[in-house]
Amino acid sequence: MKNKKSQSDMSSFKVLSRLLRFTKPYTFYLVFTLISSVVSACATLYAPVLIGQAVDYIIDINNVDFDKILPIIIQLIIVVLTGAAFQWFMGYCTNILTQRTVRDLRVTAFNKLEKVPLKYIDTTPHGDIISRVVTDIDTISDGLLQGFQQLFTGVVTIVGTLCFMISINVSIALVVILITPVSLFVASTIARLCSKKFKEQAQLRGKVTALAEEYIGNQKVVKAFCYEDKTEQEFENLNSELYTVGVKAQFYSALTNPSTRFVNGLVYAGVGIFGAMNAIGGGISVGQLSCFLSYANQYTKPFNEISGVITELQSAFASARRIFAMIDSEDEVSDAGNKVLTDVKGNVRLDDVSFSYLPDRPLIQHLSLDVKQGQQIAIVGPTGCGKTTIINLLMRFYDTVEGSISVDGNNIKDVTRDSLRLNYGMVLQETWIFKGTVKENIAYGKPDATDEEIINAAKAAHCHSFIKRLKNGYDTVISDNSGISQGQKQLLCIARVMLTMPPMLILDEATSSIDTRTELKIQKAFAAMTKGKTSFIVAHRLSTIKGADSILVMDKGKIVEIGNHEELLAKGGFYAELYNSQFKKT
Amino acid sequence: MFKLVRFLKKYKIQVILGPVFKLTEAVFELIVPLVMAQIIDVGIANGDSKYVWKMGAVLVILGVCGLCFALICQYMASKASQGFGTELRRELFHHINKLSHKELDELGTPSLITRLTSDINQLQVAVAMLIRLVVRAPFLVIGATIMSFTIDIKLSLIFVIVIPLVALVLWLVTTKTIPFYKTIQKKLDKTSLITRENLVGARAVRAFSKQEHEQRRFAENADDIEKTAVRAGKISALLSPINAVILNLAIVAIIWFGGFSVNAGELTQGEVIALVNYMNQILLALVVVANLVVIFTKSAASAARVNEVFDTKPSVTDNPENVVNTDKSAPAVEFKNVYFSYHDNGEYALEDISFAVQPGETICIIGGTGSGKSTLINLIPRFYDATSGSISVKGVDVKEYPFKLLRKMIGVVPQKAVLFSGTLRDNMKWGGENITDEDINQALKVAQADDFAEKLPDGLDSMILQGGKNLSGGQKQRLTIARAIALNPEILILDDSASALDFATDSRLRTAIKENCKDMTVFIISQRANTVKNADKIVVLSDGKIEGVGTHRELLKSCEEYCEICLSQFSSEELEKEINDDEE
């Protein structure tokens with residue numbers, strides 16, 4: 001939490017320097033951007049000088065010196081062409097620079113999601129995370145592009161014009177320099193005003209996305225309850241809040257342009273008056289004055305642009321802060337250098353394990369369990385008793401608060417997570433199908449599987465027949481909300497595990513949405529598969545776990561009974577009650 | 001893009017006045033070079049310093065007025081563009097709410113969300129630019145041209161040649177880049193899709209240790225976006241340099257031909273400078289136009305995507321005004337020769353379904369995975385419309401009902417237990433604002449959720465995280481059941497919604513529903529023969545067709561499929577015993 005707070009307070013300078021660090025691999029392009037912006041800015045500056053010189057040879061009737069004008073014009077054309085070429089090159093480089101930086105940023109942010117503890121994912125609204133990865137990064141992209149393009153040319157132009165002006169006439173140049181700070185002051189004041197509003201705006205956008213994600217993602221429930229009006233009202237509340245903040249943010253940022261342009265106008269007027277006075281006194285030529293006037297324009301233009309960029313950057317910074325906050329959230333405890341778990345036999349031991357999601361609400365307390373290789377352990381108990389939590393701990397999705405879990409004598413905290421998890425085959429009640437073909441979905445854990453292996457796994461999971469009936473068979477593209485039923489999704493998830501054949505198995509209500517006849521067949525397949533393998537099974541249909549070596553009966557985070565089916569029935573306790581309730585008449 | 005103009009209706013004043021003020025400012029800007037020409041031609045030529053000061057003051061006044069007008073315009077642009085975005089977001093959200101399941105399945109949530117957020121943001125920017133700059137830039141260009149005519153008709157021909165050239169370049173660059181931006185938006189959809197999949201499936205990804213694979217998948221897509229953006233940028237970057245070359249060559253022409261004119265005494269030096277200045281002004285205006293073009297091409301792509309949603313019409317349409325006369329003596333729900341297909345390829349998910357359910361009955365639907373159970377009940381609240389045949393509730397075809405009336409009569413507990421972020425009470429009140437705490441407690445009790453709900457730290461005010469992540473699967477299911485019961489519906493549909501409950505709870509739940517909701521017609525989809533067997537009527541589905549309808553006892557004798565299902569769950573002795581029990 002502390003970390004989060006300091007992130008949102010991160011100064012603009014820090015944000016900028018961090019963003020710039022992301023451009024490091026592309027220093028090459030950065031350098032080229034700089035060089036080409038210098039060249040193109042110089043060309044843009046030099047053109048008015050040439051134009052001024054040419055105009056000076058156009059004096060009056062019969063007083064135009066074409067011989068002198070011609071070479072100037074040729075020079076002018078060369079300068080303009082060179083400038084244009086470099087301008088394009090600069091555009092090209094900044095574009096690459098920005099797009100690659102943004103890509104890296106996006107990938108870094110996403111990669112972070114694969115490294116954070118599950119707790120982060122479980123407790124942060126998904127819509128907000130999506131908004132960061134999509135919208136916020138887009139905003140940064142716009143900001144950076146503008147920044148790179150205009151900041152460099154802007155600064156180069158300002159410095160260049162000053163030099164040119166001083167070289168022509170010092171006193172007029174002084175007028176220009178004196179007015180400059182005004183425009184800078186104006187721009188920075190406005191930028192400060194904006195940054196707060198932009199932050200609010202980005203936050204609100206995140207909220208809007210989160211809300212949309214929740215309601216659009218669950219439209220079916222919304223429809224079932226005729227809740228459309230209510231969701232719209234809620235959406236509208238956020239929406240109008242966003243409007244109020246948005247108008248302010250946009251107006252404040254839009255102040256910069258007219259304000260700096262006004263300062264420009266003053267500079268222009270100043271140059272005009274002083275220049276004209278000087279010309280009257282014979283200090284400069286009319287051509288020089290015309291040239292000066294275009295400088296006055298040239299000189300102030302970048303201020304305009306820079307100030308515009310500064311507000312754009314404020315918006316980008318607000319988004320960057322949100323991205324960095326995400327990137328900086330704590331990783332899972334590193335397992336680098338940990339042992340790789342190999343040749344797993346499947347002796348699993350829980351030693352005085354305690355765990356709770358919230359410190360003030362203990363869930364699992366002092367749980368000890370010794371599972372021998374090849375045993376099948378069933379976990380039963382009323383809902384909410386902590387069955388799924390045990391699985392979270394076995395897989396190290398969450399770490400135990402106290403006590404330890406070991407596999408073949410290795411504390412699971414001392415081995416790499418990947419090697420631990422790969423030794424378990426896990427099927428959960430909540431199915432997960434990603435957008436891709438059926439084949440890709442089944443081969444998720446083993447991408448190099450042959451078609452034959454995939455089909456065999458599908459057959460074992462009894463989904464071959466329905467897959468064959470799909471439009472394109474195994475090549476049908478499916479996604480989480482496409483036409484296949486919940487039960488079929490579960491079958492696919494089972495096929496996934498059937499294909500990888502890991503040494504240990506976790507089935508958490510793995511067949512809850514599957515009809516019982518298919519389930520029976522799958523049970524058989526599981527039985528064949530788990531032979532000699534340690535397996536953990538959570539199930540409500542007690543008939544499916546009758547054959548387990550050991551049944552843990554849990555209640556309120558503790559094991560209340562342990563034994564096999566017959567023993568427990570004979571005992572006439574909690575389990576017997578649960579079992580008999582199946583046959584109770586209602 | 002023009003289709004979306006209607007969302008600006010409320011901001012007509014801002015949309016018209018904004019550019020007007022901007023134009024006024026632009027007029028002033030055009031006058032500035034004229035005043036300057038006067039200073040040079042009159043002030044300097046006559047050595048009249050008083051005149052110079054006077055004209056200088058005019059310049060400052062022009063600046064101040066310009067500032068005021070610009071600020072007004074900016075304010076109007078902010079209001080109109082943000083307002084536009086707000087209205088558009090509201091309407092789009094509203095429209096999405098109206099779409100039926102079929103269209104939602106097709107468009108997909110992640111894509112809808114990017115359209116609602118990122119695409120609309122893009123359009124918002126475009127509107128602001130439209131008001132601020134679109135009028136100004138062409139005006140400056142045309143204005144500068146007209147001014148050039150007042151100075152010298154011959155030389156102004158240069159302006160006339162330059163402008164179409166510039167327009168051509170703009171047109172070329174725009175048409176070349178629009179397809180790229182469309183692709184980029186589409187790829188952004190994919191970004192959001194992958195992110196979403198990885199959030200939802202975090203456990204599966206980690207269980208298979210596929211983090212690196214997912215990272216690669218995401219990186220590939222990000223790479224794609226980068227490449228497309230760079231390609232688009234390469235073309236966009238041409239715009240300014242080409243225009244700069246055209247305009248500078250025009251300046252060269254002005255100097256050269258202007259030189260002849262001055263030599264011939266048709267033009268003064270000051271006038272040549274003014275012409276050059278005008279050309280410069282066009283150049284500056286075009287820099288702005290170049291930015292605009294990029295913004296507009298991007299937003300044209302976004303507009304197309306937003307319009308695609310608006311153009312998607314719900315396949316299931318509401319008759320909000322219809323008055324229906326229900327028949328109390330008619331069956332609560334009746335299916336008559338119902339066929340249904342998800343796709344229009346003639347492959348039926350349901351075929352020739354006919355059965356009737358009397359009020360107060362409990363009806364169970366049982367069948368294999370993918371046999372069409374959920375599809376069948378989805379037709380009752382009209383989540384989908386039957387392809388042919390009819391479904392009536394209380395003697396009236398469901399298509400006659402206003403959605404609200406129909407759906408308020410039906411309490412649905414979906415297979416996937418979904419809860420929303422908010423308090424427990426908020427979630428329970430989904431059925432209607434008039435649901436009291438008492439109703440909620442009663443519903444929780446029936447749904448067997450009272451014991452753990454009471455234990456929640458803040459009771460009904462306890463916060464539930466998005467998706468109910470702080471609850472177990474069984475707790476979520478019980479709460480979704482309670483949510484439906486709190487609505488006190490005439491028809492309750494439980495779509496395999498007790499799958500995460502243990503048998504004892506499940507059986508208590510059914511008893512409680514029976515006792516407390518006597519008049520309720522209850523549909524239960526279940527895999528558990530035990531749940532099913534006490535129902536008044538059982539429908540056995542197989543591959544979208546009805547295999548049998550009847551009571552447990554009847555079906556045991558007549559329906560082979562049903563027997564198999566029961567056999568898979570009870571031992572044959574248990575089953576035998578039951579048949580005997582029944583016969584006693």
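Note that this is a predicted model, so its numbers are computed, not measured.

Turning our eyes to something else, we now look at the overall build of chain A. Helix and strand counts for chain A stand at 19 helices and 12 strands. Against the globule reference of 25 Å for 586 residues, chain A gives a C-alpha radius of gyration of 35 Å, more extended than a compact globule. If you line up chain A on its principal axes, its C-alpha atoms span 120 × 50 × 50 Å. The burial tally for chain A puts 56% of its 586 residues in the buried class. Within chain A, residue pairs in contact and separated by at least 24 positions form 80% of the contacts whose partners lie at least 6 positions apart.

With that settled, the discussion passes to the overall build of chain B. Each helix and strand counted, chain B has 21 helices and 12 strands in total. Relative to the globule expectation of 25 Å for 584 residues, the C-alpha radius of gyration of chain B, 36 Å, shows a markedly less compact shape. With the C-alpha coordinates of chain B rotated into their principal frame, the extents come out at 130 × 50 × 45 Å. When contacts within chain B are restricted to residue pairs at least 6 apart in sequence, long-range pairs at least 24 apart make up 78% of them.

Another aspect to go through is the domain arrangement of chain B. Partitioning chain B into domains gives domain 1 (84-311) and domain 2 (333-414 + 490-583). For domain 1 of chain B and domain 2 of chain B, the distance between their C-alpha centroids amounts to 56 Å.

Before going further, it helps to spend a moment on the packing of helix α6 (residues 153-200) of chain B against helix α10 (residues 269-311) of chain B. A pair of packed helices can be characterised by two numbers: the angle between their axes and the separation between those axes. Residue and element names in this part refer to chain B. The geometry of α6 relative to α10 is characterised by a closest axis approach of 9 Å and an angle of 25 degrees between their N-to-C directions. With respect to each other, α6 and α10 are oriented roughly parallel. Considering the relative orientation of α6 and α10, their crossing is right-handed. Only L275, L286, V289, V293, T297, K298, A300, A301, S302, A304 and R305 of α10 make contact with α6, whose side of the interface consists of L155, V166, L170, V173, T174, T177, I178, Y181, K182 and Q185. Residue composition of the contact of α6 with α10, grouped by class: 13 nonpolar, 5 polar and 3 charged.

Every contact between the two is made by 148 residues of chain B and, on the other side, 144 residues of chain A. For the side of chain B that touches chain A, the element with the highest residue contribution is helix α2 (residues 49-98) of chain B, accounting for 26 residues. Of the residues contributing to the side of chain B that touches chain A, the split by class is 65 nonpolar, 60 polar and 23 charged.

Right, let's talk about α10(B) for a bit. Since one α-helical turn is 3.6 residues long, residues separated by three or four positions face the same way. Under the 1.5 Å per step criterion, the end-to-end length of α10(B) is 60 Å for 43 residues, consistent within 8% with the ideal 63 Å. With 31 of 43 residues buried, α10(B) lies mostly within the body of the structure.

Residues and elements named next belong to chain A. Of all the 5 residues making up strand β9 (residues 504-508), 5 are buried; the element is thus mostly covered by neighbouring parts of the structure. Side chains M504, I506 and D508 of β9 all project onto a buried face; the interleaved residues L505 and L507 project onto the opposite face, where all are buried too. Bridge analysis of strand β6 (residues 424-427) against β9 gives 4 bridges, and the strand direction is parallel. Residue pairing for β9: Y424 is matched across the bridge by M504. Across 5 bridges, the pairing between β9 and strand β10 (residues 534-538) is parallel. Paired with D508 across the bridge in β10 is V538.

Residues and elements named next belong to chain A. Pairing is mixed in the open sheet, where 6 strands are placed in the order β6-β9-β10-β3-β11-β12. What marks the edges here is a single partner per strand, and that holds for β6 and β12 (558-563). Each neighbouring strand pair of the sheet contributes to a mean axis angle of 15 degrees, computed without reference to strand direction.

Residue and element names in this part refer to chain A. Read across the sheet, 4 strands follow the order β2-β1-β4-β5 without closing on themselves; strand pairing throughout is antiparallel. In this open sheet, the two edge strands, each paired with only one partner strand, are β2 (364-371) and β5 (410-411). Of the strand pairs in this sheet, strand β1 (residues 348-355) and β2 are connected by 5 bridges, and their pairing is antiparallel. Paired with R349 across the two strands is D370, which belongs to β2.

Where β1(A) meets strand β4 (residues 402-407) of chain A, 5 bridges bridge the pair, whose relative direction is antiparallel. Bridging from a neighbouring strand, A:D351 pairs with A:S404 of β4(A).

All names here are of chain B. Where α2 meets α10, the axes come as close as 9 Å, and the angle between the chain directions of the two elements is 40 degrees. Here α2 is positioned oblique relative to α10, judged by the angle of their axes. Handedness of the crossing formed by α2 with α10: left-handed. Contacts between α2 and α10 pair L92, H95 and I96 from the former with V306, V309 and F310 from the latter. By residue class, the composition of the contact of α2 with α10 is 5 nonpolar, 1 polar and no charged.

With a phi close to 45 degrees, A:D343 is a non-glycine residue in the positive phi region. Turning to its location among the elements, A:D343 is positioned in the loop between α10 (286-327) and β1. Its 7 C-beta neighbours within 10 Å are what place A:D343 among the exposed residues. Not every positive phi belongs to a glycine, and B:D352 is a case in point at roughly 45 degrees. Structurally, B:D352 can be placed in strand β2 (residues 350-357). The exposure class assigned to B:D352 is partly exposed, which follows from the 15 C-beta atoms found within 10 Å.

Procedures and definitions
Residues numbered from 1 in each chain as written. Chains lettered and ligands numbered in written order. Predicted model: local features only at pLDDT ≥ 70, side-chain atom pairs only at ≥ 80, totals over all residues. Helix = DSSP H or I, 4+ residues; strand = E, 2+ residues; numbered from the N terminus. Rg over C-alpha atoms; globule rule 2.2 N^0.38 Å. Buried ≥ 20, exposed ≤ 12 C-beta atoms within 10 Å, placed from the backbone. Contact = placed C-beta atoms within 7 Å. Domains from an automatic or database assignment. Axes fitted to C-alpha atoms, helices over the stretch in contact; angles between N-to-C directions. Parallel < 35°, antiparallel > 145°, perpendicular 65-115°, else oblique. Left-handed = near helix turned anticlockwise from the far one by under 90°. Nonpolar A, V, L, I, M, F, W, Y, C, P; charged D, E, K, R; others polar. Expected span 1.5 Å × (residues − 1). Pairing = 2+ DSSP bridges.

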